Amino acid sequence: MFPPSCISYLAPEVIISLWAMALLLLEAFLELSPRVVASLALAGIALTLFITLGLGFDTSSTLFWGGMCRWDGAARFFDLFFLIVAALVIWMGDEAQAPLAHGGGEFVILPLFTTAGLMLLASANDFMLLFVALELVTISFYILVAYQRRSLVALEAGVKYLILGGLSSAFLVMGVAYIFGLTGTTRFDIIWKFYHLYGNPLTPGVSFGLLLVLTGVGFKIAMVPFHSWAPDVYEGAPNSITAFLSVGSKAGGLIILMRIVLGVFDFPAASVVLWIPLLTVCAIASLILGNFAAIPQRNLKRMLGYSSIGHTGFMLVAVIGASVSLTGKIIPFYTENAYGQITVEVYLISYLLATFAAFIVLAVLERRLPGLEIHHLAGLSQRSPLLAATFTLALVSMAGVPPLSGFIAKFYVILVAWHQGLYLLLGFVIFTAIAAFYYYLGPIKAMYWSEPLDETPIRLNRATNGVLIALIVLLIGTGFWAQSMFGAVNGALLADKNAPASAPIALVRH
Amino acid sequence: MSPLLALLLFPLAAILAIIIGRFPARPTAGVAAGINLVISLGLIWNYPAAQGGYAYVMDYPWVAIQGLPSIRFHLGADGISLPLIFLTGIVTLAAIAISPANIRRSSEYYCYLLLMSLGAMGAFTSLDLFFFFIFHDFALIATFLLIGIWGSQNRQYASFQVTIYLMTGSLVLLTGFVALVMALPPAERTFDIVALQNYITGHPLSGSTQDIIFLFMLIGFGILVGLFPFHSWAPPGYASAPPAAAMLHAGILKKFAIYGMIRIAIPMLHDGFNTCLPLILALLAGNFLYAGFVTIAQKELPTMIGFSSIMHMGYLFLGVACWNTIGVTGAVILMVGHGLSAALLFGLSGEITNRSGENRFIELGGLAKRAPVLAVLFSFASMASMGVPGLANFAGEIMVFFGSFSAVPTSSLVMLGIPGAFIFFGMIAIYGTVMTAIFQLRALKNVFYGPMPARYQPQTAELGAGGEATLPFPGMTDTSALVEHGPYVLLIFASLVIGFMPFLMIHLVEPSVTLLPFIKT
């Protein structure tokens, strides 16, 4: 009853989950050292990456598993994205940061489960699968955030994340229930047809359901007003997990946001009336709060937490810009609204590079400096030019200074906003991008101008050196040779809803 | 491949050699800058000046994604950009040469200087809006670090102020560029300046669109160049910057904005330019009158020079605003002249401050006795800045004046009831030279001539009774070494050559200027 390709399309998720389970058992019975587990986990990711790359690269969408999952360009792109994120997280957890006091094995294995969940999210075509995948992600994050359970800060972060995460999941499920109750299905493509082909009006109940779903998603991407967990959790979680949350969780939230608002509810009755104004307000609030609240922060992890809220705002502008309803006509998928989707993906690539560059530096510094306040960075450029240069380039890229990759991302956000006539948002984008310069320059000032308190040079091992240099090269390279980033996202689009899906469509009874 | 690429690759190679190869920083940077100067002279020599237009073109697709405007790595130079390329070459060499060899963290310092030069070089050689913009912008980060690490007085405040102010300007400018590209129909969208110009010449944008986009660009470029009232970043920034950074920024990088007006804003958005003309003229009058009087009131040498460089932007804007051959040619020549004189003044003011340990006029005086060579050099710099005939500024300024007197007012000026507007503003500009003479001569007098500060006089006399007198300004002597004065002599020499033989420049610049769209003879 399934098309023969369905297993192969889900192979990455299956392999990585099985690999993680096998590793858990092996680690328990053979008493492997964390380092060996990490190497095995990385090998598993490499294998999955290889298989994902080998999967046919057709941008025509394929529905499988009775329409639960969808394979399209965006799913493939996000699968690869999450695998790279996971590899960096596992490497960081093992190599770059201070060894954990207890139980290193799970700390390396759990991110594999998270990754499987994120990858499932990327190809979800059904609210049920979406919820299950999201819970897999969230629950493994609960454990990872509070992993250093003897530290009060970590416990506080864990409890905050648990309570707010639980609440947001509850909102999401409630919203799904409303949508299911009023449309009779949880499948995205059928809901789309319900409105587009059969021309049903959008009832208030479904609008309310969509609102609740957006609340749940807003929590994942740290969108104002659902952002309050971010700075505390960022501060309390281990560095590798903070980076994972910052990139992985945000990208996961964004892909489901795009699948829901762009893939299902992108028609004027829902978009122009409901989610575009809503997301516009949230984007403006995220831009302003994220970028201005970061200014007084002295703790680097908190500062990056607030800045990640600001980046959510920038990406939301691109998501809004991807809506086809803005121009008032349904236009062929590949030309106009591809702008917005490509911009979100390019933004995520540059955000990944800059965030990991920053957090790897912080992870290395955490065990060598008395703390992670800005003034602790004083004179870092004399103690370790490489660390200082990496951190500087990461911050400058986040600030959007050419020729780094962050500039390309912001440049395309401006392009999309102007193209779609989002002038109000454009004004806020520029205004807050300028405000952001101020706090991104602060740590640079400390690293380069202030005299070091402690003159001893910081030595790094060869692997860390290599990864940092690779990230520097990528930050500059993807900025200067922007074609590389666009090549990576080429065709990485949500499925064209006008194209016939390969799976049979269930009858809609209403 | 184009020889222009070499201009970008030599500084880049030098930076890599210094960082990775651990080459000695100062000689490496100096050699790279010297090679660039020689190349730029060769390019001018080889350029078919009589016919104008772009030469040394190289065009390579950079970002080509279906549905998105294409970005090309498009280099080229014409009679308008070549003088600026030459200016970049010579000022970079001078800036590197005047920097102290024993400056702390010297390898970083010289790398940042080279980066600034690379940014300016890239901006002047790019024929693509995207690269034009990003080359300029990454020079700003180098400026930030140079002011922050090696600056004087309140360097922290100044570096943040300059960087945030200029980044604001460049983001406004970027919005203008995006708006311009997006105003075209989807199939024609491109960031390539030549392609854009070709398309827009045939299909001008609607009037109101042009007005809005031109206003964005005017504000963006205005902030970057220090057009009144967007100038407040410049004087404190230049006063705090290390002399070499001030030379590079005030001498070269700021010209980016005027160059952008000539190359992009006015030709492509000519209706918008005509609408905004009264505004431009009013603002440039602000540069002359407001910044001019503020300059006269300054009590410190570096701040005064900072304000004077703001005031002189008025001439450049006036020349561009005339949009006739003689005015624009004059503006291009004046860009070179002002670049040389600003670099001289900032370099010498740094020299005076370093050697005497003072920069307040009230604490200086009579230095010519102690450092006669420095006095001569500073006099030349002041004369150049004043526009004394025989130096490059004069050649440019007089052409700008002629341009403003022969410019025909546009309808928007006539509607405002000021048909003689250009002559009126030309008069203000001429008055500007008087003001320049006032503050430059006063600076010359206060620093080099006149009595030494009063508080030294009785002190030396009393102490002089018993043996060796303690001299004021202990470090203030003239060194006879050519290395120390060479860079200034080089800049003065260039200014003299252009001043005495302006036809060299006119032959180079004018044919390219006549090719600009809408230009009046």
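In this text, all values refer to a predicted model and were calculated from it rather than measured experimentally.

1. Here we look at the overall build of chain A
Then, in step 1: A count of helical and extended segments in chain A gives 19 helices and 2 strands.
Then, in step 2: Here the C-alpha atoms of chain A give a radius of gyration of 22 Å, agreeing with the 24 Å that 2.2 N^0.38 yields for 510 residues.
Then, in step 3: By principal-axis analysis of the C-alpha atoms, chain A measures approximately 70 × 55 × 40 Å.
Then, in step 4: Classification of the 510 residues of chain A by burial places 61% in the buried group.
Then, in step 5: Partitioning the contacts of chain A with sequence separation of at least 6, the portion at a separation of at least 24 is 80%.

2. Remarks on the overall build of chain B
Then, in step 1: Summing up its helical and strand segments, chain B has 23 helices and 2 strands in all.
Then, in step 2: Compactness check: chain B gives a C-alpha radius of gyration of 23 Å against a globular reference of 24 Å for 521 residues, within 12% of the reference.
Then, in step 3: Seen through its C-alpha atoms, chain B measures out along the principal axes to roughly 85 × 60 × 40 Å.
Then, in step 4: Counting across all 521 residues of chain B, residues that qualify as buried make up 60%.
Then, in step 5: Long-range pairs, those at least 24 residues apart, make up 81% of the contacts in chain B between residues at least 6 apart in sequence.

3. Overview of unusual backbone geometry
Then, in step 1: The linkage connecting V224 of chain A with the following residue, P225 of chain A, adopts the cis geometry, with an omega of 10°.
Then, in step 2: Even without glycine at this site, A222 of chain A takes up a positive phi of about 55°.
Then, in step 3: Although it is not a glycine, R105 of chain B adopts a positive phi angle of roughly 50°.
Then, in step 4: Residue classification places R105 of chain B among the partly exposed positions, given that 15 C-beta atoms sit within 10 Å.

4. Regarding the interface of chain A and chain B
Then, in step 1: At the interface, 25 residues of chain A touch 25 residues of chain B.
Then, in step 2: For the side of chain A that touches chain B, the secondary-structure elements that each account for two or more residues are α13 (338-366), α16 (405-419), α17 (423-448) and α19 (483-489) of chain A.
Then, in step 3: Looking at the side of chain A that touches chain B, the element that brings in the most residues is α17 of chain A, giving 8 residues.
Then, in step 4: Taken together, the residues of the side of chain A that touches chain B break down into 21 nonpolar, 3 polar and 1 charged.

5. Overview of the pairing of strand β2 (residues 71-77) of chain B
All names here are of chain B.
Then, in step 1: Where burial is concerned, most of β2 is hidden: 6 out of the 7 residues are buried.
Then, in step 2: Sheet analysis places strand β1 (residues 55-63) next to β2, joined by 6 bridges and oriented antiparallel. Looking across to β2, one finds that Y60 is bridged to F73.

6. Here's the deal with the confidence of the model for chain A
Residue and element names in this part refer to chain A.
Then, in step 1: Model confidence for chain A is summarised by a mean pLDDT of 85, while 90% of its residues fall at 70 or above.
Then, in step 2: Mean pLDDT across the elements of chain A ranges from a minimum in strand β1 (residues 62-64), with 76, to a maximum in helix α12 (residues 300-321), with 93.
Then, in step 3: Low pLDDT (under 50) marks residues 499-510, which in the prediction has 20 contacts with non-local residues, meaning those over four places away or in another chain.

7. Some thoughts on helix α3 (residues 81-98) of chain B
Residue pairs spaced three or four apart in an α-helix point in one direction, given the helix's 3.6 residues per turn.
Then, in step 1: Here α3 of chain B is 18 residues long and its end C-alpha atoms lie 26 Å apart, about the 26 Å a rise of 1.5 Å per residue gives.
Then, in step 2: The buried fraction of α3 of chain B amounts to 18 of the 18 residues, a majority that puts the element mostly inside the structure.

8. Things to note about the environment of P511 of chain B
Residues and elements named next belong to chain B.
Then, in step 1: Assignment of secondary structure puts P511 in helix α23 (residues 502-514).
Then, in step 2: Here the alpha-carbon distance between P511 and D78, two residues 433 residues apart in the chain, equals 9.4 Å.
Then, in step 3: Not counting the four nearest positions on each side in its chain, P511 is found in contact with A49, A50, Q51, G52 and G79.

9. Details of the environment of I258 of chain B
Then, in step 1: Summarising the element assignment, I258 of chain B is placed in helix α11 (residues 255-268).
Then, in step 2: Once residues within four sequence positions are removed from consideration, I258 of chain B is found in contact with V225, L316, V320, A331 and M335 of chain B.

10. Some remarks on the packing of helix α5 (residues 129-150) of chain B against helix α6 (residues 155-182) of chain B
Residues and elements named next belong to chain B.
Then, in step 1: Here α5 crosses α6 at 170°, and the two axes come no closer than 9 Å. The pairing of α5 with α6 is recorded here as roughly antiparallel in orientation. Across the interface between the two elements, L129, F133, H136, D137, L140, T143, F144, I147 and G148 of α5 pack against R155, Q156, A158, S159, V162, T163, L166, M167, S170, L173, L174 and F177 of α6.
Then, in step 2: Considering only residue class, the contact of α5 with α6 consists of 12 nonpolar, 7 polar and 2 charged.

11. Description of helix α5 (residues 127-145) of chain A
All names here are of chain A.
Then, in step 1: In this model, α5 (19 residues) spans 26 Å end to end at C-alpha, consistent with the 27 Å of a helix rising 1.5 Å per residue.
Then, in step 2: Looking only at α5, the buried set comprises F127, L129, L130, A133, L134, V137, T138, S140, F141, L144 and V145. Viewed along the axis of α5, the buried residues span an arc of 170°, placing them on a single side of the element.

12. A word on the packing of helix α1 (residues 3-19) of chain B against helix α2 (residues 25-46) of chain B
All names here are of chain B.
Then, in step 1: Relative orientation of the contacting elements α1 and α2 amounts to 175°, with a least axis distance of 9 Å. Accordingly, the angle class assigned to the pair α1 and α2 is roughly antiparallel. For the pair α1 and α2, the contacting residues are P3, A6, L7, F10, P11, A14, A17 and I18 in the first and A25, T28, A29, A32, I35, N36, I39, S40 and L43 in the second.
Then, in step 2: The residue inventory of the contact of α1 with α2, partitioned by class, reads 14 nonpolar, 3 polar and no charged.

13. Let's talk about the environment of A11 of chain A
Then, in step 1: Along the chain, A11 of chain A falls in helix α1 (residues 6-30).
Then, in step 2: Note: C-alpha distance between A11 of chain A and F64 of chain A (53 residues apart in sequence) is 13 Å.

14. Describing the confidence of the model for chain B
Residues and elements named next belong to chain B.
Then, in step 1: Summarising the model, chain B shows a mean pLDDT of 86, and 92% of its residues fall at 70 or more.
Then, in step 2: Mean pLDDT across the elements of chain B ranges from a minimum in helix α21 (residues 456-465), with 51, to a maximum in α3, with 93.
Then, in step 3: Long-range and interchain partners of residues 464-468, a stretch whose pLDDT sits below 50, account for 1 contact in this model, where long-range means more than four residues apart.
Then, in step 4: Across the interface, the model reports ipTM at 0.83; the global pTM reads 0.88.

Here is what the cut-offs are and how they apply
- Throughout, a residue's number is its position along its own chain's written sequence, starting from 1.
- Chain letters and ligand numbers both follow the written order, the letters beginning at A and the numbers at 1.
- A pLDDT threshold of at least 70 governs which residues receive local features in this predicted model, and a stricter bar of 80 or more applies before side-chain atom pairs are shown or counted, although totals over entire chains, interfaces and linings include all residues.
- A run of H or I in DSSP becomes a helix once it reaches four residues, and a run of E becomes a strand once it reaches two; helices and strands are each numbered from the N terminus.
- Only the C-alpha atoms count toward the radius of gyration. The rule for a globule is 2.2 Å times the residue count to the power 0.38.
- Here a residue counts as buried when 20 or more other C-beta atoms sit within 10 Å of its C-beta, as exposed when there are 12 or fewer, and as partly exposed otherwise, the C-beta atoms being derived from the backbone.
- Throughout, a pair of residues is in contact if the C-beta atoms placed from their backbones lie within 7 Å.
- Gly is placed with the polar residues, together with every amino acid not listed as nonpolar (Ala, Val, Leu, Ile, Met, Phe, Trp, Tyr, Cys and Pro) or charged (Asp, Glu, Lys and Arg).
- Strand pairing follows a simple DSSP-based rule, namely that at least 2 bridges must link the two strands.
- Here pLDDT means the predictor's own confidence in every residue, given as a number from 0 to 100.
- Multiplying 1.5 Å by the residue count of a helix minus one yields the expected span of that helix.
- In this analysis, axes come from line fits to C-alpha atoms, helices being fitted only over the stretch in contact, and the angle between any two N-to-C directions falls in the range 0 to 180 degrees.
- Put simply, angles under 35 degrees are roughly parallel, angles over 145 are roughly antiparallel, angles from 65 to 115 are roughly perpendicular, and the rest are oblique.
- The arc in question is the one spanned by the directions pointing from the helix axis to the C-beta atoms.

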